[in-house]
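Chain residues, written in single-letter form:
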Amino acid sequence: MSAFRSTSRGITAKFDRTDAKLLANLATQIAGLVAGRDELEDDPAIERLLPDAYRNNEADAAEFRRFTESDLADEKVRSALSMAELLTPGSDANAKVKITLDQAAAFDWMRSFTDIRLALAARLGIVDETSPIIVDDETQLTLAVYNWLGALQWSLVKAIDK
């Protein structure tokens, strides 16, 4: 994978097929998680992706959620599926997956990177920068992916900022 770069055509990146498939799979999983949120209401990842707007007032939180959750969730699903679609490799098994994003798509990707990382953080027990992370055989790969996504997201931030 090469970092995101700002070019005259937009923001570009090249992914190895394996990296592209992994990222597309993660984006598809997030889309499915958010789309199926009603069946997973106690899932900590859903709570991180769609938090209450009013933590100290359940009635206000429920009212706010009633008016905003559907649109917010639909936007998250749309962004994630758009990311997955762009990362779907062509028929050349040896070719890198090259993507070019316009400004709107770049912000959709930022949203999807954030959503994927929030879900992974929930699975890893990361609440903030002081959270202890237990690294064992089960979490080692998840933590590596979490950090890789952070590096990807940071390169996208820098490309957008140019």
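Residues numbered from 1 in each chain as written. Predicted model: local features only at pLDDT ≥ 70, side-chain atom pairs only at ≥ 80, totals over all residues. Heavy atoms only, no water.

Undergrad: It is not clear to me how the pattern of salt bridges should be interpreted in this structure. Could you clarify?
TA: Using the criterion set out here, one finds eleven salt bridges in the structure. Salt-bridge contacts for D52 lead to R65; the nearest nitrogen and oxygen are separated by 2.6 Å. On the criterion of sequence distance, the pair formed by D52 in the loop between α2 (44-49) and α3 (58-87) and R65 in helix α3 is long-range, its members being 13 residues apart. Note on D52: relative accessible area 38%, which makes it partly exposed. Using a relative accessible area of 24% as the deciding quantity, one classes R65 as partly exposed. Because the salt bridges share partners, they merge into one network encompassing R37, D52, R65 and E69. (Salt bridge = Lys/Arg side-chain N within 4 Å of Asp/Glu carboxyl O. Helix = DSSP H or I, 4+ residues; strand = E, 2+ residues; numbered from the N terminus. Buried < 20%, exposed > 50% of the residue type's maximum accessible area, 1.4 Å probe, protein only.)

Undergrad: Explain the layout of surface pockets to me, please; I cannot follow it from the model alone.
TA: Over the atoms, a rolling probe the size of a water molecule traces out where space has been left empty. Looking at the largest pocket, its volume works out to about 220 Å³. In terms of lining residues, the largest pocket is bounded by R37, D38, E41, I46, E47, L50, P51, D52, R65 and E69. Broken down by secondary-structure element, the contributors of at least two residues to the lining of the largest pocket are α2 and α3. Considering the residues around the second largest pocket, the lining is formed by L26, Q29, I30, L33, I116, A119, L120, R123 and T142. Where the lining of the second largest pocket is concerned, the elements lending two or more residues are α1 (17-35) and α4 (103-124). Residue composition of the lining of the second largest pocket, grouped by class: six nonpolar, two polar and one charged. (1 Å grid on protein atoms, 1.4 Å probe; cavity = no way out; pocket = protein on both sides within 12 Å on 5 of 7 lines; lining within 4 Å. Points joined across faces, edges and corners; volume = space filled by probe spheres on them. Nonpolar A, V, L, I, M, F, W, Y, C, P; charged D, E, K, R; others polar.)

Undergrad: Where do I start with the side chain of S155 in this structure?
TA: Positionally, S155 belongs in helix α5 (residues 140-161). In this view, S155 contacts A3 and F4; residues no more than four positions away in its chain are not counted. (Contact = heavy atoms within 4.5 Å.)

Undergrad: So what exactly am I meant to see when it comes to the environment of G32 here?
TA: Along the polypeptide, G32 turns up in helix α1. The exposure class assigned to G32 is partly exposed, which follows from its relative accessible area of 43%. As for G32 and A80, which are separated by 48 residues in sequence, their C-alpha atoms are 9.4 Å apart.

Undergrad: Teacher, can you tell me more about the pairing of strand β3 (residues 97-101) here?
TA: Across a regular strand the side chains alternate sides, sitting on one face of the sheet and then on the other. By the alternation rule, side chains of β3 split into V97, I99 and L101, which are all buried, and K98 and T100, of which none is buried. Pairing geometry for strand β2 (residues 10-15) and β3, over five bridges, is antiparallel. Within the sheet, the bridge partner assigned to K14 lies in β3 and is K98. (Pairing = 2+ DSSP bridges.)

Undergrad: How do you make sense of the packing of α4 against α5 when you look at a structure like this?
TA: When two helices pack together, their arrangement is given by the angle between their axes and by how far apart the axes lie. Where α4 meets α5, the closest approach of the two axes is 10 Å, and the angle between their N-to-C directions is 155°. The pairing of α4 with α5 is recorded here as roughly antiparallel in orientation. Of the two elements, α4 crosses α5, and the hand of that crossing is left-handed. Within the contact between the two elements, α4 uses Q103, A106, F107, W109, M110, F113, T114, I116, R117, L120, A121 and L124 and α5 uses T142, L143, V145, Y146, L149, G150, L152, Q153, L156, V157 and I160. (Axes fitted to C-alpha atoms, helices over the stretch in contact; angles between N-to-C directions. Parallel < 35°, antiparallel > 145°, perpendicular 65-115°, else oblique. Left-handed = near helix turned anticlockwise from the far one by under 90°.)

Undergrad: For this particular structure, what's the right way to read the packing of α1 against α3?
TA: Running from N to C, α1 and α3 point in directions that differ by 160°, and their axes come no closer than 8 Å. The orientation of α1 with respect to α3, classified from their angle, is roughly antiparallel. For the pair α1 and α3, the crossing hand works out as left-handed. For the pair α1 and α3, contact is made by A20, L23, A24, A27, T28, I30, A31, V34 and A35 and by A73, K76, V77, A80, L81, M83, A84 and L87, respectively. The residue makeup of the contact of α1 with α3, split by class, is 15 nonpolar, one polar and one charged.

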